[in-house]
Amino acid sequence: MSTKHPNVAAPPFAREVTSYRWALILVTCLFFLWGLSYGLLDVLNKHFQDTLHVTKAQSGLLQSAYFGAYFLIALPAGFLMDKYGYKAGILLGLCLYATGAVLFMPAAAAQSFQFFLFALFVIACGLGCLETAANPYATVLGEPAGAERRLNLAQSFNGLGQFFGPLIGGALFFSGANSTDTTQSLQMTYLVIAALVLLVAILIARTPLPDLREQEVQVQQHDHKTLWQHREFVAGVITQFFYVGAQVGVGAFFINYVTEHWAQMSSQQAAYLLSIAMLSFMFGRFFSTWLMGRINAQRLLLVYALINVGLCALVALGLEGVSVVALVAMFFFMSIMFPTLFAMGVKNLGPHTKRGSSFMIMAIVGGALLPYVMGLVADHSSTAVAYLLPMGCFVIVAVYARGALKKN
């Protein structure tokens, strides 16, 4: 005789697993949204060089405004989440993202580079809040042993957004018959993004998400270290600074490099090729997430970093066609670096997780500094030589990964 009762609630463990799964799905949507914004950013670099006639160094200020905002907003976002939880940080981030996207309307109408910088700064403040919340939230929505793999899976959808960004930008920002058409395309693109972001904000506001602050406090009962006594966290912040600088720099001058080292390649065609590079980046995340079930995450990080050192050297040689292929391949091997470094850095921090996450996000300021320096090198030497800077950053990633392997 059956003992099941239809009105009996599911066991607490089953409800918890279901709650975690739904929360991870919603958080993964956020990764796509900021990936889309970042994918458009590299296209805007070349677009503003063509339409507003700024130099390569000046166009690098887009990355400076964008990733400088991460540095400024990360700690306030961390304090907000300490008091009100992850959901508050996510909602604030989405509102700022939508506001910045709407500001593209008057910026495009005024054709003001400074106004565009401000709009991107506001967008990035929102993304900084989202990353400060979503990255650590994804790592703690499950067992600590699966943190790196879980975050890489969520970040794979960030790669999907980065794939669509250049595809959209290439189709709309370089195809206008005149500047008016291009301006309208730019305005419409960011208006649609603002509407999409607000829709996601409404959905999340109406959905209960697990508040994991009590669980984080329980971890601290077995670990009395201060945040800065966690050596892997400190080294992770430093390494993340250089890695993000490398990733942003590699993408920022991609279109410039391709048009200079592939005969008769237009800016629009180069933007499409950037989209293919982002597709490689996305595939790298999905494939490597599967691979992490078989290979230690730190070992995979070391191998990928060493491969990118070699690819950067090939790019710096400036060989026609061949170096462009190496540049595209670099995106595949960058794919796991940010989420793996992040997860390694904040792992087992307990109640320090949100503050630790804030500092890991602040490290993204590396993306504000390196592109400008690369732009200066490109203006005074060549775009190819500028890629020696990311090569040095990948060496630092390899050293960190090697050190983590020795401790295991």
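Now for a quick tour of the structure. (Residues numbered from 1 in each chain as written. Predicted model: local features only at pLDDT ≥ 70, side-chain atom pairs only at ≥ 80, totals over all residues. Heavy atoms only, no water.)

Another point: the pattern of salt bridges. Taken as a whole and judged by the stated rule, the model has 2 salt bridges. Between Lys 56 and Glu 260 there is a salt bridge whose closest N-O contact spans 2.7 Å. A residue pair is termed long-range when its members are at least 10 positions apart, and Lys 56 in helix H2 (residues 56-59) and Glu 260 in helix H11 (residues 254-261) qualify at 204 residues. By relative accessible area, Glu 260 is classed as partly exposed at 37%. (Salt bridge = Lys/Arg side-chain N within 4 Å of Asp/Glu carboxyl O. Helix = DSSP H or I, 4+ residues; strand = E, 2+ residues; numbered from the N terminus. Buried < 20%, exposed > 50% of the residue type's maximum accessible area, 1.4 Å probe, protein only.)

With the rule as written, the count across this model stands at 2 cavities of 30 Å³ or more. By volume, the largest cavity amounts to about 190 Å³. Residue lining of the largest cavity: 17 residues in total, with Tyr 38, Phe 67, Glu 131, Gln 162 and Gln 247 positioned closest to the centre. At the level of secondary structure, the elements contributing two or more residues to the lining of the largest cavity comprise helix H1 (12-51), helix H3 (61-84), helix H6 (113-140), helix H7 (147-173), helix H10 (231-252) and helix H12 (267-291). Of the residues assigned to the lining of the largest cavity, the class counts are 11 nonpolar, 4 polar and 2 charged. For the lining of the largest cavity, the two domains that each supply at least three residues are domain 1 (12-210) and domain 2 (227-406). (1 Å grid on protein atoms, 1.4 Å probe; cavity = no way out; pocket = protein on both sides within 12 Å on 5 of 7 lines; lining within 4 Å. Points joined across faces, edges and corners; volume = space filled by probe spheres on them. Nonpolar A, V, L, I, M, F, W, Y, C, P; charged D, E, K, R; others polar. Domains from an automatic or database assignment.)

A separate point is unusual backbone geometry. A positive phi angle is found at His 53, which is not glycine, with a value near 55°. By the element assignment, His 53 lies in the loop between H1 and H2. Using a relative accessible area of 65% as the deciding quantity, one classes His 53 as exposed. One non-glycine residue with positive phi stands out, namely Gln 111, at about 50°.

Further remarks concern the state of the cysteines. Applying the stated rule across the entire model yields 0 disulfides. Cys 393 takes part in no disulfide bond, and the closest cysteine sulfur to it belongs to Cys 312, at a distance of 8.6 Å. Judged by relative accessible area, which is 6%, Cys 393 ranks as buried. (Disulfide = S-S within 2.5 Å.)

A cluster of nonpolar side chains, namely Leu 61, Tyr 372, Val 373 and Leu 376, defines an oily patch on the protein surface of about 290 Å² accessible area. Sorting elements by how many residues they give to the nonpolar patch places helix H17 (residues 366-380) first, with 3 residues. Along the chain, Leu 376 falls in helix H17. (Patch = residues over 30% accessible without salt bridge, like charges linked within 9 Å, V, L, I, M, F, W, Y side chains within 5 Å. Areas by Shrake-Rupley, 256 points an atom, 1.4 Å probe, with all protein chains shown as cover.)

Taking 1.5 Å per residue as the helical rise, helix H4 (residues 86-102) with its 17 residues ought to reach 24 Å, and the 25 Å between its terminal C-alpha atoms agrees with that figure. Taken residue by residue, H4 has Tyr 86, Gly 89, Ile 90, Gly 93, Leu 94, Tyr 97, Ala 98, Gly 100 and Ala 101 as its buried positions. One side of H4 holds all its buried residues, which, seen down the axis, span an arc of 165°. (Expected span 1.5 Å × (residues − 1). Arc of directions from axis to C-beta.)

Where helix H13 (residues 297-317) meets helix H19 (residues 388-407), the closest approach of the two axes is 8 Å, and the angle between their N-to-C directions is 160°. On the basis of their axis angle, the class for H13 and H19 is roughly antiparallel. Our pair here, H13 against H19, has a crossing hand that is left-handed. Contact residues: Gln 298, Arg 299, Leu 301, Leu 302, Ala 305, Leu 306, Asn 308, Val 309, Cys 312, Ala 313 and Ala 316 in H13; Leu 388, Pro 390, Met 391, Phe 394, Val 395, Val 397, Ala 398, Ala 401, Arg 402, Ala 404 and Leu 405 in H19. (Axes fitted to C-alpha atoms, helices over the stretch in contact; angles between N-to-C directions. Parallel < 35°, antiparallel > 145°, perpendicular 65-115°, else oblique. Left-handed = near helix turned anticlockwise from the far one by under 90°. Contact = heavy atoms within 4.5 Å.)

Between the first and last C-alpha of H17 there are 22 Å, a value that for 15 residues agrees with the 21 Å anticipated at 1.5 Å per step. Those residues of H17 that sit buried are Gly 366, Gly 367, Ala 368, Leu 370, Pro 371, Met 374, Gly 375 and Ala 378. Contacts made by the buried residues of H17 are with H2, H3, H10, helix H18 (383-386) and H19.

Our next topic: the environment of Trp 228. Note that Trp 228 resides in the loop between helix H9 (213-220) and H10. The exposure class of Trp 228 is partly exposed, given its relative accessible area of 46%. Counting along the chain gives 128 residues from Trp 228 to Gly 356, while the straight-line C-alpha distance between them is 9.1 Å. Residues contacting Trp 228, with those up to four places away along its chain left out, are Phe 233, Val 234, Arg 355 and Phe 359.

Each aromatic ring pair is specified by the distance between its two centres and by the angle formed by the two planes. Under the definition given, this model contains 24 aromatic pairs. Aromatic side chains Phe 32 and Phe 164 sit 6.4 Å apart centroid to centroid with 70° between the ring planes, which places their arrangement in the edge-to-face category. Within this pair, whereas Phe 32 is found in helix H1, its partner Phe 164 is found in helix H7, the two being separated by 132 residues in sequence. When its relative accessible area of 22% is taken as the criterion, Phe 32 is described as partly exposed. Residue Phe 164 is classed as partly exposed on the basis of its relative accessible area, which comes to 32%. Consider the rings of Phe 241 and Phe 242, whose centres lie 5.2 Å apart with planes at 85°: the pair is edge-to-face. Every member of this aromatic cluster is reached through a ring pair, and the members are Phe 283, Phe 287, Trp 290, Tyr 304, Phe 332 and Phe 333. (Phe/Tyr/Trp six-rings, centres within 6.5 Å; stacked < 30°, edge-to-face > 60°.)

Right, let's talk about the side chain of Thr 132 for a bit. By the secondary structure assignment, Thr 132 is in helix H6. For Thr 132, a relative accessible area of 0% puts it in the buried group.

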